[in-house]
Amino acid sequence: MTTAVGVADVAGEWGAFPISVWLVVGWASLGIQVVTGIVFVRWLWLARANAEVIESAQHRHSPMWVVLGWIVPIVSFWFPQMVVRDVWNASNPQRPRGTGRLYPTPGAELVSWWWAAFLTNQVLSTIGGRLTEDAMTARDLDTVAAVAQVAAAALIIMISARVTAWQTNAR
């Protein structure tokens, strides 16, 4: 849902909608991003707790970083990806159990692709929002950011669905 609103936001900037519609879409986008962010972090918190039950190997970061990793400056560029990767690796049934370490598992590159798309969206959205002198460049950046947002959304849906299925079958 938040991805659809982000794409509509870009369409509004390209002149497809009047400014009043663009403002409504912008506020709706912010609200939806906050709600989906909370839902995702709650899922990640529960998935991490389940992963610890499935595999007792030490995760790289304590559970508090499931939340703090998104909001602490600087570390927010890599901690969320590390938390998701640890959950993936601990939950993956193809991983050897009882080794005491969370070795990389097949398919973990999806987490890297998701994180690259997510960061691309974040960085380009920030840069595009600050370019007021060159409207064409800002629109181009916003368009690429919207494409990255769609890719990140699709990838995290795949990741969360796969982790949830693994954890459900592990019970």
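This structure is a prediction, so every number in the text was calculated from the model and none was measured. (Residues numbered from 1 in each chain as written. Predicted model: local features only at pLDDT ≥ 70, side-chain atom pairs only at ≥ 80, totals over all residues. Heavy atoms only, no water.)

1. Description of the overall build of the chain
Counting secondary structure elements, the chain contains 6 helices and 0 strands. Going residue by residue from the N terminus, the α and β elements of the chain occur as α-α-α-α-α-α. For the chain, the share of sequence-separated contacts (at least 6 apart) that also reach a separation of at least 24 residues comes to 61%. Approximately 9700 Å² of the chain is accessible, and the part contributed by carbon and sulfur atoms is 69%. (Helix = DSSP H or I, 4+ residues; strand = E, 2+ residues; numbered from the N terminus. Contact = heavy atoms within 4.5 Å. Areas by Shrake-Rupley, 256 points an atom, 1.4 Å probe, with all protein chains shown as cover.)

2. Brief notes about helix α4 (residues 79-91)
With 13 residues, α4 extends 18 Å from end C-alpha to end C-alpha; this agrees with the ideal 18 Å at 1.5 Å per step. Of all 13 residues making up α4, 13 are buried, and the element is well covered by its neighbours. (Expected span 1.5 Å × (residues − 1). Buried < 20%, exposed > 50% of the residue type's maximum accessible area, 1.4 Å probe, protein only.)

3. Topic: the UniProt feature "transmembrane region" (unreviewed entry) in the chain
Using the residue numbers shown here, the UniProt feature "transmembrane region" (unreviewed entry) corresponds to residues 20-45, 65-84 and 144-165. Within the segment residues 65-84, helix and strand shares are 65% and 0% respectively, and the terminal C-alpha atoms sit 11 Å apart. Summarising residues 144-165: 100% helix, 0% strand, and an end-to-end C-alpha distance of 32 Å. (UniProt positions renumbered as here; feature names shortened; annotations may be inferred.)

4. Focus on a nonpolar patch on the surface
Residues Leu23, Trp27, Leu30, Val34 and Ile38 make up a contiguous nonpolar surface patch of about 550 Å² in total accessible area. With relative accessibility at 64%, the residue Trp27 sits in the exposed group. (Patch = residues over 30% accessible without salt bridge, like charges linked within 9 Å, V, L, I, M, F, W, Y side chains within 5 Å. Salt bridge = Lys/Arg side-chain N within 4 Å of Asp/Glu carboxyl O.)

5. Observations regarding the packing of aromatic side chains
By the definition in use, this model includes 12 aromatic pairs. Pairwise contacts between aromatic rings join Phe40, Trp43, Trp70, Trp114, Trp115 and Phe118 into one cluster. (Phe/Tyr/Trp six-rings, centres within 6.5 Å; stacked < 30°, edge-to-face > 60°.)

6. A look at the nonpolar core
Membership of the largest hydrophobic core comes to 26 residues, with the highest contact counts inside it found for Leu44, Val84, Trp88, Trp114, Ile159 and Val163. Among the elements of the structure, α2 (19-54), α4, α5 (109-130) and α6 (135-170) are those that each provide at least two residues to this core. (Core = buried A, V, L, I, M, F, W, Y, C linked by side-chain atoms within 4.5 Å.)

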